[in-house]
Amino acid sequence: MSRRTRSRQEWEVRASTLAKKTTNPIRRIVENLQVEPNPDKELIALSIGDPTTFGNLNPPEQVLQAVRDSVELHTSRGYAPSKGHYEARAAVAKYSAHQGDISPDDVILASGCSHAIELVITVLAESGQNIIIPRPGFSIYQTLALGLGIIIKYYNLLPNKQWKVDLDDLESQIDDDTAAIVVINPSNPCGSVYDKEHLSEILDVASRNRVPIIADEIYEHFIFSGNKYTAISSISKDVPVLSCGGLTKRFLVPGWRMGWVIIHDRNDILGKEIRAGLMNLSMRIVGPSAIIQRALPAILEYTPQSFFDDVLFFIESQAKLAYDELRRAPGLRPIMPEGAMYMMIEIKISYFPEFSNECDFVERLVSEQSVFCLPGQCFDYPNYMRIVLTIPEDKMREACQRIIIFCKEHIVFSEKRKDIDKEVSMKTDVQVICDNDITRVV
Ligand SMILES: Cc1ncc(COP(=O)(O)O)c(C=O)c1O
């Protein structure tokens, strides 16, 4: 006698809700930009936030040797404890002493900073709750939260105040279902760096409303001259901070997937439950590669300061170069970053009537000049585009020249707004011809 436990007669294999609701806004937008570069010009991608893309920036020998040595160890081949090998966590605790008093037990290793962010979002928020993220801000938060039914809310950053947080807006977004505020400092995509005073103001909002902070510090220490890096956890009096970091950007090894969460909870507000929760969640994939875990103490200990200084000097020089060049592009307003490896550029879209938004602008820039910048939509911020500053200098110079040509070819001044337009045309150093109701630049 056959026993039937299931009535289904036909095959029906469906993707889960989590799978269906998980999207990466950057990928989605970039894949929808169906445009071919100009075949006569080499494509220059200013869009990819991976400092290894062009091969001009490489980790120092000490870092490579640490991994070679690790490969030889039999202890780098087995499973590590799910929150990471003790020695590796101890090394992160020591390396991160500027963030506050940290013990190895406060550290959980993760597969890149993305995994660290996933751990902290999922430990703090239930489906139906919300986390508040900066706008413009990096899109991984949507990717990780939405599929789980966690709602994303935004607080505005102020482009004319070096992308500081609009504190009133931040506070107005907080409600009873808010599980965390995300602070990305230094910022992707803005390149802003918050000083102690501003971080204190953000902490005051969090403290008043009893909301923990997720500190995305993957660009920690990526600071241009004249600025100082402060970890938000180091000045928090009461607000618990879950700091997410890793090797990815500072050590130029995004593919090695080594990240971490550091728990800062001076007043024991998170208690055992959050620590245990993070521990449970870490068991889902048992941490990052043991090879990199075993190499981590040497990487963090022996990387020379001169390496960090050289990388930062290069990126800051690129920022200055791009800023000086693109200020001459009519209709664009670059905003000089203070750190990280990006620059945001405002596109005064009304000067480019051919384009209905920055995606059109970016598409045509690819098809005519073979320069690809990331449209602001990727960061929920229309009328801007983001460029990366890690590309080689000659390519950066060439890309800026092409962007300037593109703007000059497409900008249109309106007769009715002559006074404002005059200001913009002054920086174009090109001939301006008036004909009835439009002013053309040639
Ligand atoms: C602000 C920010 N957070 C997190 C990440 C993810 O880092 P990882 O590659 O280590 O997962 C990135 C990567 O670009 C980033 O820009």
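The rules we used
- Once a new chain begins, its residue numbering starts again from 1 and follows that chain's sequence as written.
- Only residues with pLDDT of at least 70 are given local features in this predicted model, and only at 80 or more are side-chain atom pairs given and counted; all residues enter the totals for whole chains, interfaces and linings.
- To obtain the side-chain values, all non-hydrogen atoms of the structure were included, while hydrogens and water were left out.
- Note on terminology: near, applied to a residue and a molecule or strand, indicates that one of the residue's heavy atoms is within 4 Å of it.
- In protein, a polar contact means a hydrogen-donor-capable atom and an acceptor-capable atom, both N or O and within 3.5 Å, with residues adjacent in sequence counting only if both atoms are side-chain atoms; elsewhere, any N or O pair within 3.5 Å suffices.
- Note that accessible areas follow from Shrake-Rupley with a 1.4 Å probe, and for residues the cover is restricted to the protein chains shown.
- Secondary structure counts use DSSP, requiring at least four H or I residues in a row for a helix and at least two E residues in a row for a strand, with both numbered from the N terminus.
- When residues are grouped by polarity, Ala, Val, Leu, Ile, Met, Phe, Trp, Tyr, Cys and Pro land in nonpolar, Asp, Glu, Lys and Arg in charged, and all others, Gly among them, in polar.
- A pair of strands is considered paired only if DSSP assigns at least 2 bridges between the two.
- To qualify as a nonpolar core, a set must consist of buried Ala, Val, Leu, Ile, Met, Phe, Trp, Tyr and Cys residues joined through side-chain atoms within 4.5 Å.
- Note on exposure labels: buried denotes an accessible area under 20% of the residue type's maximum, exposed denotes more than 50%, and partly exposed covers the range between, all computed with a 1.4 Å probe on protein chains only.
- Residue ranges labeled as domains rest on an automatic or database domain assignment.
- By definition, residues are in contact when any of their heavy atoms lie within 4.5 Å.
- UniProt positions are given in the numbering used here, feature names are shortened, and annotations may be inferred rather than shown by experiment.
- Working rule for helices: expected span equals 1.5 Å times residues minus one.
- A 1.4 Å probe that fits but cannot get out identifies a cavity on a 1 Å grid over protein atoms alone, an open set with protein on both sides within 12 Å along at least five of seven lines counts as a pocket, and a residue lines either if it has an atom within 4 Å of a point.
- Grid points are joined across faces, edges and corners, and a volume is the space filled by probe spheres set on the points.
- One side-chain nitrogen of Lys or Arg within 4 Å of one carboxyl oxygen of Asp or Glu is enough to make a salt bridge.
- We call a pair of cysteine sulfur atoms a disulfide when they lie within 2.5 Å.
- Note on aromatic contacts: the rings of Phe and Tyr and the six-membered ring of Trp form a pair at centre separations within 6.5 Å, being stacked when their planes are under 30 degrees apart, edge-to-face when over 60 apart, and tilted otherwise.

## A closer look at the site of the ligand
Thinking step 1. The environment of the ligand is formed by 13 residues, the closest being Ser 114, Asn 188, Asp 216, Tyr 219 and Thr 248.
Thinking step 2. Within the side chain of Tyr 219, one N or O atom sits 2.7 Å away from an oxygen atom of the ligand.
Thinking step 3. Between the ligand and the protein, one listed contact pairs an oxygen atom with a side-chain N or O atom of Arg 257 at 2.8 Å.
Thinking step 4. Surface burial for the ligand is 92%, taken as the share of its 400 Å² of free accessible area covered by protein chains.
Thinking step 5. Per-element tally for the shell around the ligand: the top contributor is helix 5 (residues 112-124), with four residues.
Thinking step 6. A breakdown of the residues in the shell around the ligand according to their chemical character gives six nonpolar, four polar and three charged.

## Here we look at the sheet that holds strand 10 (residues 332-335)
Thinking step 1. With antiparallel pairing, four strands are arranged side by side in an open sheet as 10-11-14-13. Of all the strands in the sheet, just strand 10 and strand 13 (374-375) have a single pairing partner and so form its edges.
Thinking step 2. With two bridges connecting them, strand 13 and strand 14 (residues 384-388) associate as antiparallel partners. Following the sheet pairing, Leu 374 is matched in strand 14 by Arg 386.

## As for the nonpolar core
Across soluble globular proteins, you tend to see nonpolar side chains buried next to one another.
Thinking step 1. Within the largest apolar cluster, 112 residues are counted, with the highest numbers of intra-cluster contacts made by Leu 46, Ile 131, Tyr 141, Leu 247, Trp 260 and Phe 361.
Thinking step 2. Per element, the largest residue contribution to this core is nine residues, and it comes from helix 12 (residues 305-326).
Thinking step 3. Composition of this core by domain shows at least three residues from each of domain 1 (29-55 + 307-410) and domain 2 (61-302).
Thinking step 4. Excluding anything up to four places from it in sequence, Ile 131 contacts Ile 121, Ala 125, Tyr 141, Ala 145, Ile 150, Ile 151, Ile 152, Lys 153, Ala 179 and Ala 180.
Thinking step 5. By size, the runner-up hydrophobic cluster in this structure holds 27 residues, among which are Ile 202, Ile 213, Ile 235 and Tyr 381.

## Notes on the UniProt feature "modified residue: N6-(pyridoxal phosphate)lysine" (unreviewed entry) in the chain
Thinking step 1. Annotation from UniProt places "modified residue: N6-(pyridoxal phosphate)lysine" (unreviewed entry) at Lys 249.
Thinking step 2. Mapped onto the elements of the fold, Lys 249 is located in the loop between strand 8 (241-246) and strand 9 (259-264).
Thinking step 3. Lys 249 gets classed as buried once you look at its relative accessible area, which sits at 11%.
Thinking step 4. From its side chain, Lys 249 meets the backbone oxygen of Gly 49 in a polar contact 2.8 Å long.

## Looking at helix 12
Thinking step 1. The first and last C-alpha atoms of helix 12 sit 31 Å apart over 22 residues, in line with the 32 Å expected at 1.5 Å per residue.
Thinking step 2. If you follow the buried residues of helix 12, they end up packed against strand 10, strand 11 (342-347), strand 14 and helix 14 (393-410).

## A look at empty space enclosed by the protein
Thinking step 1. For the structure on display, the rule yields one cavity of 30 Å³ or more.
Thinking step 2. The space that makes up the largest cavity amounts to roughly 40 Å³.
Thinking step 3. Taken together, Pro 134, Pro 136, Tyr 155, Leu 157, Val 165, Ile 184, Ser 187, Asn 188 and Tyr 194 make up the full set of residues lining the largest cavity.
Thinking step 4. Here the residues of the lining of the largest cavity sort into seven nonpolar, two polar and no charged.

## Structural notes on the pattern of salt bridges
Thinking step 1. With the rule as written, the count across this model stands at 18 salt bridges.
Thinking step 2. Across the pair Arg 14 and Glu 12 runs a salt bridge whose closest N-O atoms are separated by 3.4 Å.
Thinking step 3. On the accessibility criterion, Arg 14 (58% relative accessible area) is exposed.
Thinking step 4. Linking Lys 320 and Glu 316 is a salt bridge whose minimum nitrogen-to-oxygen distance equals 3.7 Å. Placement of the pair is Lys 320 and Glu 316 together in helix 12, with a separation of four residues, close to one helical turn.
Thinking step 5. Judged by relative accessible area, which is 44%, Lys 320 ranks as partly exposed.

## Structural notes on the state of the cysteines
Thinking step 1. Under the counting rule described, the total for this entry stands at zero disulfides.
Thinking step 2. Here Cys 373 is not cross-linked by a disulfide; its sulfur's nearest cysteine counterpart is in Cys 400, at 8.8 Å.

## Overview of the side chain of Arg 402
Thinking step 1. In this fold, Arg 402 is placed in helix 14.
Thinking step 2. Within the structure, Arg 402 has its side chain in polar contact with the backbone oxygen of Glu 42 (distance 2.9 Å).
Thinking step 3. For Arg 402, the residues in contact, after removing those within four places along its chain, are Lys 41, Glu 42, Ile 44, Gln 369, Ser 370 and Val 371.

## A few points about the packing of aromatic side chains
One pair of aromatic rings is described through two measures. These are the centre distance and the angle between the planes.
Thinking step 1. One pass over the full model with this rule turns up 15 aromatic pairs.
Thinking step 2. Between Tyr 219 and Tyr 342 the ring centres are 5.7 Å apart and the planes differ by 85°, which places this aromatic pair in the edge-to-face class. Of this pair, Tyr 219 sits in the loop between strand 7 (213-216) and helix 9 (232-235) while Tyr 342 sits in strand 11, and the two are 123 residues apart along the sequence.
Thinking step 3. A relative accessible area of 3% means that Tyr 219 is categorised as buried.
Thinking step 4. A relative accessible area of 1% means that Tyr 342 is categorised as buried.
Thinking step 5. Between Phe 361 and Phe 406, the aromatic rings sit 5.1 Å apart at their centres with planes inclined by 85°, giving edge-to-face as the arrangement. Here Phe 361 is found in helix 13 (residues 358-369), whereas its partner Phe 406 is found in helix 14, with 45 residues between them in sequence.
Thinking step 6. Accessibility expressed as a relative area gives 0% for Phe 361, which makes it buried.
Thinking step 7. The exposure class assigned to Phe 406 is buried, which follows from its relative accessible area of 0%.

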